[in-house]
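Chain residues, written in single-letter form:
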Amino acid sequence: MTTSLILFYILLFAIAFLYASVGHGGASGYLALMALFSFTPDVMKPTALLLNLFVSSVSFIQFYRGKYFLWKIFLPFILTSIPLAFAGGLMSVDANLYKKVLGFFLLIPIARFLFVKNTDPKDMKPANFWLSLVLGGAIGFLSGMIGIGGGIILSPILLLLKWTNQKQTAAISALFIFVNSVAGLSGQLTRGIHFSADMLGFVLVAFAGGLCGSWLGSLKFPQTVLKNVLACVLMVAAWKLLWH
């Protein structure tokens, strides 16, 4: 095992841990990490979605057990996100354009981690069904096209609209990521999928990180410092993708 691969595993574990602690599958982090290690886009997209399945599922279970999941808010989003995530997965994007688009979307979790605060219970508002359908479809399509589960986009929207608090957002985002990752991968399967020879190791490391992070995150775990660290890592990746 090379030094480069060992470093990749360490960073992969850390990303899965940090993302799962806030209810995310971590695809944007995996994509950023693979970009830093010069993976090709045709390997990056399916790899990130597959890792998403393992990490988001264990994250969802932990937050669901904590009774934070809300079906009435979740269902309208997936009615449109699933078919459009499949459609997005069918698309083939130019490698240079793909990196620019990914770099731009990495700015969303950075802003979410640094600036979007938890919702005060007295400020909570009822969800809008029709708006949920529109947002779900848009997020689903982008998710399938880029190779993410969509949680990094959905989470700040839920918090800014004040439909959920942070724990509820984590629970909803985790399952949203899982179903969109399945749909996106299904779309990519029709065009053929390429994985790294070390894929099994990637899955085991990411799953271990997700299991630890989701268990701690679903409890009263101080997340502020971790979110700031993660935001800084994503800033480096976004800078590399956008300006190199």
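Thresholds, definitions, all that
- Residues numbered from 1 in each chain as written.
- Predicted model: local features only at pLDDT ≥ 70, side-chain atom pairs only at ≥ 80, totals over all residues.
- Heavy atoms only, no water.
- Helix = DSSP H or I, 4+ residues; strand = E, 2+ residues; numbered from the N terminus.
- Buried < 20%, exposed > 50% of the residue type's maximum accessible area, 1.4 Å probe, protein only.
- Contact = heavy atoms within 4.5 Å.
- Areas by Shrake-Rupley, 256 points an atom, 1.4 Å probe, with all protein chains shown as cover.
- Patch = residues over 30% accessible without salt bridge, like charges linked within 9 Å, V, L, I, M, F, W, Y side chains within 5 Å.
- Salt bridge = Lys/Arg side-chain N within 4 Å of Asp/Glu carboxyl O.
- Axes fitted to C-alpha atoms, helices over the stretch in contact; angles between N-to-C directions.
- Parallel < 35°, antiparallel > 145°, perpendicular 65-115°, else oblique.
- Left-handed = near helix turned anticlockwise from the far one by under 90°.
- Nonpolar A, V, L, I, M, F, W, Y, C, P; charged D, E, K, R; others polar.

Caption draft 1: Molecular detail of the overall build of the chain. Along the backbone of the chain there are ten helices and zero strands. Written out in order from the N terminus, the α and β elements of the chain read α-α-α-α-α-α-α-α-α-α. Relative to its full complement of 244 residues, the chain shows a buried share of 54%. Sequence separation of 24 or more characterises 87% of the internal contacts of the chain that already satisfy a separation of 6 or more. Summed over all atoms, the accessible surface of the chain reaches about 10,800 Å², with 73% contributed by carbon and sulfur.

Caption draft 2: Local environment of a nonpolar patch on the surface. On the surface, Phe54, Phe207 and Leu211 cluster together into a nonpolar patch covering about 230 Å² of accessible area. Judged by relative accessible area, Phe207 falls into the partly exposed class, the value being 33%.

Caption draft 3: Broad picture of the packing of helix α1 (residues 3-21) against helix α2 (residues 27-36). Two elements in contact, α1 and α2, have axes separated by 9 Å at closest approach and are oriented at 160°. Relative to α2, the element α1 lies roughly antiparallel. Of the two elements, α1 crosses α2, and the hand of that crossing is right-handed. Along its contact with α1, which presents Phe8, Leu11, Leu12, Ile15, Ala16 and Tyr19, the element α2 presents Ser28, Gly29, Tyr30, Leu33 and Met34. For the contact of α1 with α2, the class distribution of residues is nine nonpolar, two polar and no charged.

Caption draft 4: The packing of helix α6 (residues 129-146) against helix α7 (residues 151-161), seen in detail. Where α6 contacts α7, the two axes come as close as 11 Å, and the packing angle between them is 155°. By the criterion of interaxial angle, the relationship of α6 to α7 is roughly antiparallel. By crossing handedness, the relation of α6 to α7 is classed as right-handed. Only Ile153, Leu154, Ile157 and Leu161 of α7 make contact with α6, whose side of the interface consists of Leu131, Leu135 and Ile139.

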